[in-house]
Amino acid sequence: MTKAGTGFTVAAADAPAPVARLPRRRGIELALIVLAVLLSVFGYCNVGLAQHGTVPPGAAGYGAGLGVLALLAHLAVRLRAPYADPLLLPIGVLLNGLGLVLIYRLDLETPGDRAAPTQLIWSTLGIALFIVVVLVLRDHRFLQRYTYVCVVFALVLLTLPILFPAVNGARIWIRVAGFSIQPGEFAKVLLAVFFAAYLAANRSALAYAGRRVWRLQLPTGRVLGPIVAVWLVSVGVLVLERDLGTSLLFFGLFVVMLYVATGRIGWIAVGLVLAALGAVAVGWLEPHVHSRVEDWLHPFASIEAGRGPTSWRSRCSRSRPAG
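Residues numbered from 1 in each chain as written. Predicted model: local features only at pLDDT ≥ 70, side-chain atom pairs only at ≥ 80, totals over all residues. Heavy atoms only, no water.

### Side note on the overall build of the protein
- When its secondary structure is counted, the protein shows 13 helices and 4 strands.
- Residue burial in the protein is summarised as follows: out of 323 residues, 32% are buried.
- Of the contacts formed within the protein by residues at least 6 apart in sequence, a portion of 67% connects residues at least 24 apart.
- In the form shown here, the protein has an accessible surface area of approximately 20000 Å², with 70% of it arising from carbon and sulfur atoms. (Helix = DSSP H or I, 4+ residues; strand = E, 2+ residues; numbered from the N terminus. Buried < 20%, exposed > 50% of the residue type's maximum accessible area, 1.4 Å probe, protein only. Contact = heavy atoms within 4.5 Å. Areas by Shrake-Rupley, 256 points an atom, 1.4 Å probe, with all protein chains shown as cover.)

As structure tokens, this is what we get:
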């Protein structure tokens with residue numbers, strides 16, 4: 001506007017900047033969930049066709065059950081967390097569906113001991129807990145108050161199986177009166193909360209640059225300390241419980257969160273190097289892990305050596321939770 005008598009133009013009062021609307025992408029999530037369910041059902045049918053030449057009679061029920069569970073979880077996210085990442089839930093549905101397919105394949109070898117229906121019940125319980133958390137937890141930042149409480153409970157849950165007998169050479173189960181459970185599954189969630197809260201509180205300190213090695217910008221030694229400590233803890237869990245997968249998962253979880261928090265590829269590079277060194281060392285030095293690596297490299301060696309397919313199945317199949 002022009003100010004009277006001066007000829008100068010005066011800018012109007014600054015209007016509030018428009019608020020950028022974030023895309024919700026719930027339609028993308030739903031499409032990916034449908035794809036995940038279809039892939040799982042295809043795998044279920046493929047197992048039946050490969051084994052018996054016919055589609056399993058329970059394929060429709062399996063697909064319907066998994067689809068309903070996934071849809072309920074999607075509706076909860078659409079209602080309470082409309083701006084959530086659209087990839088996480090479909091990935092979870094796909095992994096759960098493929099896990100059920102693998103358990104069904106093992107069930108075909110043990111007709112008297114079917115675990116796939118029981119596992120579907122556990123999946124239902126997991127989805128129910130997921131929906132409760134999404135509906136009750138209005139703001140995830142509330143969990144920052146319990147950062148160190150989460151890590152303490154996680155460490156307790158991780159060490160509990162050490163007090164119980166080993167199952168198939170690994171101490172990851174707790175069995176009491178016919179009921180079995182893996183405390184490490186709950187520890188994963190608690191550690192994810194701890195890592196996320198810790199990184200959110202120390203993001204600026206983690207972003208400092210250190211030495212440059214070729215084209216890789218490494219973190220400073222002071223910042224590198226936590227990741228080395230977590231690596232050592234993961235190896236310690238492996239040595240005590242003989243569980244390579246869980247140890248690498250905990251370490252990988254921390255490395256990925258470091259990358260998300262800082263955006264620095266150096267964390268990924270350092271994490272891959274440390275994980276590879278630890279896995280190779282334990283794979284050669286720990287007899288239980290070494291035997292599994294050999295079984296993976298030479299899957300038919302046990303059969304050719306005369307141990308037979310029954311022994312091979314007992315070595316390869318993992319223990320299942322009892323209802």
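### Here we look at the confidence of the model for the protein
- Residue-level pLDDT values for the protein average 77, and 76% of them are 70 or greater.
- The least confident element of the protein is helix H13 (residues 308-316), whose mean pLDDT is 45; the most confident is helix H1 (residues 26-52), at 93.
- Across residues 308-323, where pLDDT falls below 50, the model places 36 contacts with residues more than four positions away in sequence or in other chains. (pLDDT = per-residue confidence, 0-100.)

### What about the packing of aromatic side chains?
- In total, this model carries 5 aromatic pairs according to the counting rule given.
- Here the aromatic residues Tyr 44, Tyr 62 and Tyr 104 are joined through ring pairs into a cluster of three or more. (Phe/Tyr/Trp six-rings, centres within 6.5 Å; stacked < 30°, edge-to-face > 60°.)

### What to know about helix H2 (residues 59-80)
- The end-to-end C-alpha separation of H2 is 32 Å, in line with the 32 Å expected for 22 residues at 1.5 Å each.
- Buried residues of H2: Ala 59, Tyr 62, Gly 63, Leu 66, Leu 69, Ala 70, Ala 73, His 74, Ala 76 and Val 77, and no others. For H2, the angular spread of the buried residues around the axis is 165°, confining them to a single face. Along H2, the residues that are exposed and aim more than 90 degrees away from the buried face are Ala 60 and Leu 79. (Expected span 1.5 Å × (residues − 1). Arc of directions from axis to C-beta.)

### Brief notes about the pattern of salt bridges
- For the coordinates displayed, the defined rule picks out 4 salt bridges.
- Put simply, Arg 26 and Glu 29 hold a salt bridge, and the shortest N to O gap is 3.0 Å. Here the residue Arg 26 and the residue Glu 29 both occupy positions in helix H1, the gap between them amounting to 3 residues, near one helical turn.
- Taking relative accessible area as the criterion, Glu 29 reaches 1% and is therefore assigned buried.
- Put simply, Glu 109 and Arg 105 hold a salt bridge, and the shortest N to O gap is 2.9 Å.
- Assessed through its relative accessible area of 28%, Glu 109 is described here as partly exposed.
- For Arg 105, a relative accessible area of 30% gives the class partly exposed. (Salt bridge = Lys/Arg side-chain N within 4 Å of Asp/Glu carboxyl O.)

### Looking at helix H3 (residues 88-107)
- For H3, with 20 residues, the first-to-last C-alpha span of 29 Å sits near the 28 Å given by 1.5 Å per residue.
- Where H3 is concerned, the buried positions are Leu 89, Pro 90, Val 93, Gly 97, Leu 100, Val 101, Ile 103, Tyr 104 and Asp 107. Each buried residue of H3 lies within a common arc of 165° when the element is viewed along its axis, so the set occupies one face. Exposed and facing more than 90 degrees away from the buried side of H3 are Leu 88, Leu 95 and Leu 102.
- Its buried side turned inward, H3 meets H1, H2 and helix H4 (116-136).

### What to know about the packing of H1 against H3
- Packing of H1 against H3 brings their axes to within 8 Å, and their N-to-C directions diverge by 10°. Overall, the two elements H1 and H3 adopt an arrangement that is roughly parallel. Residues Glu 29, Leu 32, Ile 33, Ala 36, Val 37, Leu 39, Ser 40, Gly 43, Tyr 44, Val 47, Gly 48 and Gln 51 of H1 form the contact with H3, whose own contacting residues are Leu 89, Pro 90, Val 93, Leu 94, Gly 97, Leu 98, Val 101, Tyr 104 and Arg 105. (Axes fitted to C-alpha atoms, helices over the stretch in contact; angles between N-to-C directions. Parallel < 35°, antiparallel > 145°, perpendicular 65-115°, else oblique.)

### Let's talk about a nonpolar patch on the surface
- A cluster of nonpolar residues, Leu 30, Val 34, Leu 38, Val 68, Leu 71, Leu 72 and Leu 75, forms a patch on the protein surface that exposes about 580 Å² of accessible area.
- Residue assignment for the nonpolar patch shows that the elements contributing at least two residues are H1 and H2.
- Broken down by element, the residue count for the nonpolar patch peaks at 4 residues, all from H2.
- Summarising the element assignment, Leu 38 is placed in helix H1. (Patch = residues over 30% accessible without salt bridge, like charges linked within 9 Å, V, L, I, M, F, W, Y side chains within 5 Å.)

### Here we look at the side chain of Arg 26
- A relative accessible area of 4% means that Arg 26 is categorised as buried.
- Only 3.1 Å separates the side chain of Arg 26 from the backbone oxygen of Ala 84, close enough to count as a polar contact.
- Other than its neighbours up to four places away in sequence, Arg 26 contacts His 74, Val 77, Arg 78, Ala 81, Pro 82, Tyr 83, Ala 84, Asp 85 and Pro 86. (Polar contact = N/O pair within 3.5 Å; in protein donor to acceptor, adjacent residues only side chain to side chain.)

### Here's the deal with the side chain of Thr 147
- Counting through the fold element by element, Thr 147 comes out in helix H5 (residues 147-159).
- Beyond its immediate stretch of four places on either side in the chain, Thr 147 contacts Phe 194, Ala 197 and Tyr 198.

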